Amino acid sequence: MGISRTIGVFDSGVGGLSVLHHIRAALPDARLIYIADSAHVPYGDKQPAYIEQRSHTLTRFLIEQGADAIVIACNTATAAAAASLRGRHQLPIIGMEPAVKPAVAATKSGVVGVLATVGTLESARFAALLEKYAGNVKIVTQGCPGLVELVERGDLHSAEARRLVERYTAPLLQAGADTFILGCTHYPFLAPLIGEVAGGHISLVDTGTAVARELKRRVDTELPPHVRLGMVGSENFYTSGDAGHATRIVSSLWGRSITVQVLPSQFS
Ligand code: DGL
């Protein structure tokens, strides 16, 4: 017998599963609890105060379920709520932000494109990130309304998906970008299509691996040591939306058949 670490993870919907894959690889024996806040998706066009309130509610649920650490698997919610969540809770809270620093280091053309939600691009946190890391590199930003909804429907390859991806990548290509930042956790699921549309010479960067690494570092250094004997990792999935729909999409994006439970009504 041993004590397993419990990691609470949330996103506006299923996008954070792109991060959860990296978390599972970094912490194979952890108990993972994931919430897709599907009743409130997309966050990208909502007011920061609304997203902040949702983030507090979801974090409360995760802590009630025994979370030892929280991952905000959403760039938009990190911008709106990470500071106030950290002000209220003592446990490690790991957020996400567009991968400006690695993209600036990687570009050869000196132009980096950022695909993200309007909420992320308009945030003070993103402005501070550019101020800190852009240097002499030209950063071209593109808000992408509609991409999150595609992923929420499990539509990763349709003609409509291709049209939207073409529309959003064209300005970045015209500006000479050779590196695209996937600044929303839903977009890694569209990476094959983005790569096809933009061309093989474009590098796509996201923050999933770095977040999982940072989570592991903080878990190892800040949480009391735990016993590993016989521990097997587990996952529990919740949604504030329709459980049947979420079960289908999460099973497909997670890569195995799982059941998504409905979040208790006081947290929806
Ligand atoms: N997946 C989220 C992000 O990383 C939020 C997308 C949305 O709901 O608009 O920004």
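A brief look at the structure comes next. (Residues numbered from 1 in each chain as written. Predicted model: local features only at pLDDT ≥ 70, side-chain atom pairs only at ≥ 80, totals over all residues. Heavy atoms only, no water.)

1. Some points on the site of the ligand
S12, Y43, G44, T76 and H186 are the nearest of the 14 residues found near the ligand. In this structure, D11 approaches the ligand through a side-chain N or O atom, which is 3.0 Å from a nitrogen atom. Between the ligand and T76, the relevant distance is 2.6 Å, taken from an oxygen atom to a side-chain nitrogen or oxygen of the residue. In isolation the ligand has 300 Å² of accessible area, and contact with the protein removes 99% of it. The residue makeup of the shell around the ligand, split by class, is six nonpolar, seven polar and one charged. (Near = heavy atom within 4 Å. Polar contact = N/O pair within 3.5 Å; in protein donor to acceptor, adjacent residues only side chain to side chain. Areas by Shrake-Rupley, 256 points an atom, 1.4 Å probe, with all protein chains shown as cover. Nonpolar A, V, L, I, M, F, W, Y, C, P; charged D, E, K, R; others polar.)

2. Topic: unusual backbone geometry
Cis rather than trans, the peptide bond between V41 and P42 has omega equal to 0°. Secondary-structure assignment places P42 in the loop between β2 (31-36) and α2 (48-64). (Helix = DSSP H or I, 4+ residues; strand = E, 2+ residues; numbered from the N terminus.)

3. Some thoughts on the nonpolar core
Ranked by internal contacts, the top residues of the largest apolar core, which has 57 residues, are I7, L17 and V71. Contact partners of V71, with chain neighbours within four places excluded, come to I7, G8, V9, F10, V19, I23, I94, V211 and L215. Among the nonpolar cores identified, the runner-up in size contains 22 residues, and F10, I35, L62 and C74 belong to it. (Core = buried A, V, L, I, M, F, W, Y, C linked by side-chain atoms within 4.5 Å. Buried < 20%, exposed > 50% of the residue type's maximum accessible area, 1.4 Å probe, protein only. Contact = heavy atoms within 4.5 Å.)

4. What about the pattern of salt bridges?
Considering all chains together, one arrives at 10 salt bridges under this definition. Across the pair R125 and E97 runs a salt bridge whose closest N-O atoms are separated by 3.3 Å. Separated by 28 residues along the polypeptide, R125 in helix α6 (residues 124-133) and E97 in the loop between β4 (93-94) and α4 (100-106) bring together distant segments of the chain. For R125, a relative accessible area of 31% corresponds to the partly exposed category. Measuring nitrogen to oxygen at the nearest pair gives 2.8 Å for the salt bridge that ties E222 to R218. Here E222 and its partner R218 are both found in helix α10 (residues 208-222), four residues apart, which amounts to about one turn of the helix. Judged by relative accessible area, E222 falls into the partly exposed class, the value being 42%. Within this structure, R24, E235 and R256 form a network of salt bridges that share partners. (Salt bridge = Lys/Arg side-chain N within 4 Å of Asp/Glu carboxyl O.)

5. Looking at the sheet that holds strand β10 (residues 260-262)
Two pairing modes exist for strands in a sheet, parallel and antiparallel, and in both the strands are linked by backbone hydrogen bonds. Ordered by their spatial adjacency, six strands build an open sheet running β4-β3-β1-β2-β9-β10, and the pairing between neighbours is parallel. Of all strands in the sheet, those bounded by a partner on one side alone are β4 and β10. In the sheet, strand β9 (residues 234-239) pairs with β10 via three bridges, with the strands oriented parallel. The partner of Y238 across the bridge, within β10, is Q261. Along the sheet, helix α1 (residues 17-26) makes contact with β1 (6-11), β2, β3 (69-72) and β9, crossing β2 at roughly 175°. (Pairing = 2+ DSSP bridges. Axes fitted to C-alpha atoms, helices over the stretch in contact; angles between N-to-C directions.)

6. Quick word on the state of the cysteines
Per the stated rule, a full pass over the model turns up zero disulfides. With no disulfide of its own, C184 lies 6.6 Å from the sulfur of C74, the closest cysteine sulfur. (Disulfide = S-S within 2.5 Å.)

7. Section: the sheet that holds strand β7 (residues 179-182)
Overall, parallel pairing links the four strands, which are arranged β6-β5-β7-β8 in an open sheet. With partners counted over all chains shown, the strands left at the sheet margins are β6 (138-143) and β8 (203-205), one partner each. Neighbour-to-neighbour, the strand axes of the sheet open up by a mean angle of 25°, direction not taken into account. Where strand β5 (residues 111-116) meets β7, four bridges bridge the pair, whose relative direction is parallel. Residue pairing for β7: L115 is matched across the bridge by L182.

8. Overview of the packing of aromatic side chains
Per the stated rule, a full pass over the model turns up four aromatic pairs. Look at F237 and W254: their rings are 5.8 Å apart centre to centre, the planes differ by 65°, and that puts the pair in the edge-to-face class. Of this pair, F237 sits in strand β9 while W254 is found in helix α11 (residues 243-254), placing the two residues 17 residues apart along the sequence. As far as burial versus exposure is concerned, F237 and W254 are alike and both buried. (Phe/Tyr/Trp six-rings, centres within 6.5 Å; stacked < 30°, edge-to-face > 60°.)

9. A short note on the packing of α1 against α10
Packing of α1 against α10 brings their axes to within 8 Å, and their N-to-C directions diverge by 40°. Between α1 and α10, the angle falls in the class oblique. When you trace α1 past α10, the crossing you get is right-handed. Along the contact surface, α1 presents V19, H22, I23 and A26, while α10 presents G208, T209, V211, A212, L215 and K216. Here the residues of the contact of α1 with α10 are counted per class, giving six nonpolar, three polar and one charged. (Parallel < 35°, antiparallel > 145°, perpendicular 65-115°, else oblique. Left-handed = near helix turned anticlockwise from the far one by under 90°.)

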